[in-house]
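Structural features, examined
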Amino acid sequence: MTAPAALDRKAAVAVRGLSKTYAGTLALDSLDLDIRPGEIHALLGGNGSGKSTTIKILAGVVVPDDGGLLTVGEGETVAAETWTPARAHAAGLRFVHQQPAVFPQLTVAENLAIGAGFPRRAGGGIDWKALNARTAQLLEKYRVNTTPTTPLGALRAADRSRVAIVRALQDCDDKDGGLLVLDEPTAALPAAEVEHLLAALRGYAAAGQTILYVSHRLDEVLSVADRVTVLRDGRKVDTVDADGLTEADLVQMIVGRSMDRAFPAPRETPAEDVALQVRGLAGGPLQGVDLDLRRGEVLGIAGLLGSGRSELLRMLFGAYPATAGTVTLDGAAYDAADPKQAMRAGVAYVPEERQADAVFPQESVRHNLSAGQAWDFYRNLFFRHAEERAATGRSISEFLVRTRNDKQPVETLSGGNQQKVVLARWLRQRPKVLLLDEPTQGVDVQARAEIYDLVRRATAAGTSVLLVASDTEELAHASDRVAVLKGGRITAVVEQPLDAHHLTELMNVSEATP
Amino acid sequence: MADTAVEPAAPMAALADEGGLPVSRGSAVSGHAMTFARKYSLPVLLLASFVLYGSWSKTSEVFLSADNLRNMAAGQAVLGVLTLGILLTMVSGHFDLSIGNIAGLSSIITAALFSHQHVPLVVGILAGIAVGTVVGGINGVLVTVLRVDPFIITLGTASIILGYIDWYTHGQSIINGIPTSLVSFGGSNLLGIPKVVYVLGAVALLVYYLMEHTPYGRNLHAIGSNKAAARLVGIRVERTIIVAFASTGAFAGVAGVLLLARTGAGNPQVGTTFTLTAVAAAFLGAASFKVGRLNVPGTIVAIFFLAVNITGLTFAGVENWINQLFTGLTLVLAIALAAVLSKERKTRKAAS
């Protein structure tokens, strides 16, 4: 719990007894929360834990149940149900959502002006000079390394996010600094950009900016937050100092069970029973990859972004051209020219970008499940809809998809459930080899545990899995063995017991060691 | 732009976190009522139009007469076949703006074969359909191989066809030698219903079957929803798109032959206006039955909604300009409606 010493420090934002009932369900149950000035306070929790509700109440867009209290800075304590977006704004609360509405074709200055208005010259024309000067000041203050006239699209992804943050903060007075609420700010960022953004956030906090940070990514939270509040089922589990905390501690708090139990136990697989043998595979960033995937094992691939880990999976699925190398599947030569041939050979692939590459957003759960498998239900000129419905029902229950019915558009499901649909689409075909690229991205801890349970069930039935995950902690827990991909080659294969720090070291060791 | 209009673009991941909150019973019920009203608003409007023109003193005399009803139905056969055909490309998220001209080309070539080469009836008909298939297929190949906006490419082929027809016919209609059996088919009835309406019915059933009851239709829907994902579930995207364009072209070819049967002459002027009306009807059709999705029953209702109102207003004394104006208005309204629906869907998603 919050240390008593903290009570005499003035909180930037304090809430007491905040509750919200939706249609008879308690989404948030008398939440007490203190956010100290200048700290990065992380808010964690799975789907339905109440963290979105909390942010929406702070933003004034959701009205809480009567009885809650809210204090911002030195302002007076108000009844939370009277809070409005205008009051939130006036009190200095600023919100940046996971996909900020920035305009890549416009310049940095124009993007900022869209939030604050364009300065005018006498006569009504836009005063570009004043705008650019003001923008340059802001960029300087928030240490974004660019110029006002650069098109936003030319910036690296993390800097685009920083511009969105600057835009949110630009009209905030310096006196009390307000509160910056970031909702999954790294969800849309490539992994390489994440650290760049986190570094900027640490800098802002050091300069006195108070930040409420909402994320699924435990490693990020641990690297950036001063304190962490965990919610589960609408209730606060605890607020703790991030110092000395491990991912396992967080998982335990979020899920209510320990990390060992959040991941299934690793299995011993006989070395001689190889399902997929790769020799000298090259193309793109790959310089000649050799690896043996044993039957029924989960082989993790540890590699930095750009190491070719995603290309390796795509190549094995026939979706990326290979220039050299041989692949053997169950002892027979395997050379898929396109995804269809890979599928026929029994290889399945869950891509990294779920929204862009895996789901059909407006299509129903049923159609998403049978995407690419429609021929299985078509015989003698008739589409066997009843058969498809039955198969869908089985998949929904077998793969733990939470949906109202199979006609629900898949876009209305949570990230975790969408991912289970994608996984089910492949697993129900009982593939020989399953290629998983970041299968738990944008998925909460609970669903992550379920996804790995499903993967383990598949391996028990004989499927062999190649797993790419940038979170080494996750990789270490979910894999039986891990191959390290570096400079386009496999540089090491690590056996049990797997250790996340060791993997991180292996991925990062400089090749040019003196 | 094509994608956004047909099927709203991929959803923004909004403040979506808590997924599982149950909807209260009350709002679920009113939601059903809303959905019901929306699904059947266009058929109701169509009925209302019948009632209006049937009782309005200016139009009531002729409007509900059997002759007029037959005329209206037969008059929509060409447009109907064309519109049903373009559904196949539109479902996959692509546009073919040359269909009207393909139909024109098919009717000219069929007429020329009859007139100059004296080919047998069946050969002429098949040739007309084949011409449409080939031009459609070329559209498809250009779109998939060059990966350019189908909008632009098909606008280009439309113009090429126009130029070719003008060069070939010198602007003259081909009237001689059209088989009487074909022309009488276009003007006669079976069981009191114009024969061409049976063709329209058959095409509607075929397109409905293709779109909703075959793996091919499933794959078209999938490509229209997310092309990259379609490729990664093993759908052969390019091939499927080329076949879609070729099928749309084939149906445009059928429409061309029907046009010849209806008018008895290969007229070099027809074509272009069909395209816009077909697209308008397809969009309008997506606003009923399966709301937000292109569908066959909605398309049929939309075609007759346009025809009934244009005919009714013409009877009421409004001049010819009403045709273009009404079609244009409908297209704009239908697309605005599609945009509103997609926005609503996003809001609903964010709220859930």
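Below, the structure is looked at part by part. (Residues numbered from 1 in each chain as written. Chains lettered and ligands numbered in written order. Predicted model: local features only at pLDDT ≥ 70, side-chain atom pairs only at ≥ 80, totals over all residues. Heavy atoms only, no water.)

Digging into the overall build of chain A
- In terms of helices and strands, chain A carries 18 helices and 22 strands.
- Counting only residues that meet the buried cut, chain A has 55% of its 514 residues in that class.
- For chain A, restricting intrachain contacts to residue pairs at least 6 apart in sequence, the fraction spanning at least 24 positions comes to 66%.
- Carbon and sulfur atoms make up 51% of the accessible area of chain A, which totals about 21,200 Å². (Helix = DSSP H or I, 4+ residues; strand = E, 2+ residues; numbered from the N terminus. Buried < 20%, exposed > 50% of the residue type's maximum accessible area, 1.4 Å probe, protein only. Contact = heavy atoms within 4.5 Å. Areas by Shrake-Rupley, 256 points an atom, 1.4 Å probe, with all protein chains shown as cover.)

Looking at the sheet that holds strand β11 (residues 274-283) of chain A
All names here are of chain A.
- As summarised here, the arrangement of the four strands in space is β12-β11-β14-β15, forming an open sheet in which the pairing is antiparallel. Only two strands of the sheet have a single partner each, and these edge strands are β12 (286-294) and β15 (332-333).
- Here five bridges tie β11 to strand β14 (residues 324-329), and the two strands are oriented antiparallel to one another. Bridging from a neighbouring strand, Arg279 pairs with Thr326 of β14. (Pairing = 2+ DSSP bridges.)

Side note on the pairing of strand β10 (residues 235-241) of chain A
All names here are of chain A.
- Direction of pairing for strand β9 (residues 227-232) relative to β10: antiparallel, over a ladder of six bridges. Of the residues in β10, the one forming a bridge with Val230 is Asp238.
- Where β9 folds back on β10, the antiparallel hairpin that results is connected by two residues, among which Asp233 adopts a positive phi of roughly 50°.

What about helix α16 (residues 445-460) of chain A?
Residue and element names in this part refer to chain A.
- With 16 residues, α16 extends 23 Å from end C-alpha to end C-alpha; this agrees with the ideal 22 Å at 1.5 Å per step.
- Taken across its 16 residues, α16 has 12 buried, putting it largely inside the fold.
- Immediately downstream of α16, the backbone of Gly462 shows phi near 110°, a positive value. (Expected span 1.5 Å × (residues − 1).)

Points about the pattern of salt bridges
- Within the structure shown, the criterion is met by 26 salt bridges over all chains.
- When the shortest N-O distance is used, the salt bridge between Arg235 of chain A and Asp29 of chain A registers 3.0 Å. Taken together, the residues span a long stretch of sequence, with Arg235 of chain A in strand β10 and Asp29 of chain A in strand β2 (residues 25-35) at a distance of 206 residues.
- Between Arg218 of chain B and Glu388 of chain A there is a salt bridge, with its nearest N and O atoms 2.7 Å apart. With Arg218 of chain B in helix α12 (residues 215-225) and Glu388 of chain A in helix α14 (residues 385-398), this pair bridges two chains. (Salt bridge = Lys/Arg side-chain N within 4 Å of Asp/Glu carboxyl O.)

So, the side chain of Arg218 of chain B
- Judged by relative accessible area, which is 11%, Arg218 of chain B ranks as buried.
- Apart from the residues within four sequence positions on either side, Arg218 of chain B is in contact with His367, Ser370, Ala374, Phe383, His385 and Glu388 of chain A together with Met211 of chain B.

Focus: the side chain of His41 of chain A
Residue and element names in this part refer to chain A.
- Within the secondary structure layout, His41 lies in strand β3 (residues 40-44).
- A polar side-chain atom of His41 sits 2.5 Å from a polar atom in the side chain of Thr229.
- Dropping the residues within four chain positions of it, His41 is found in contact with Leu33, Asp34, Ile35, Ile211, Leu212, Tyr213, Arg227, Val228, Thr229 and Thr239. (Polar contact = N/O pair within 3.5 Å; in protein donor to acceptor, adjacent residues only side chain to side chain.)

Function cannot be read off these values alone, since they describe shape.
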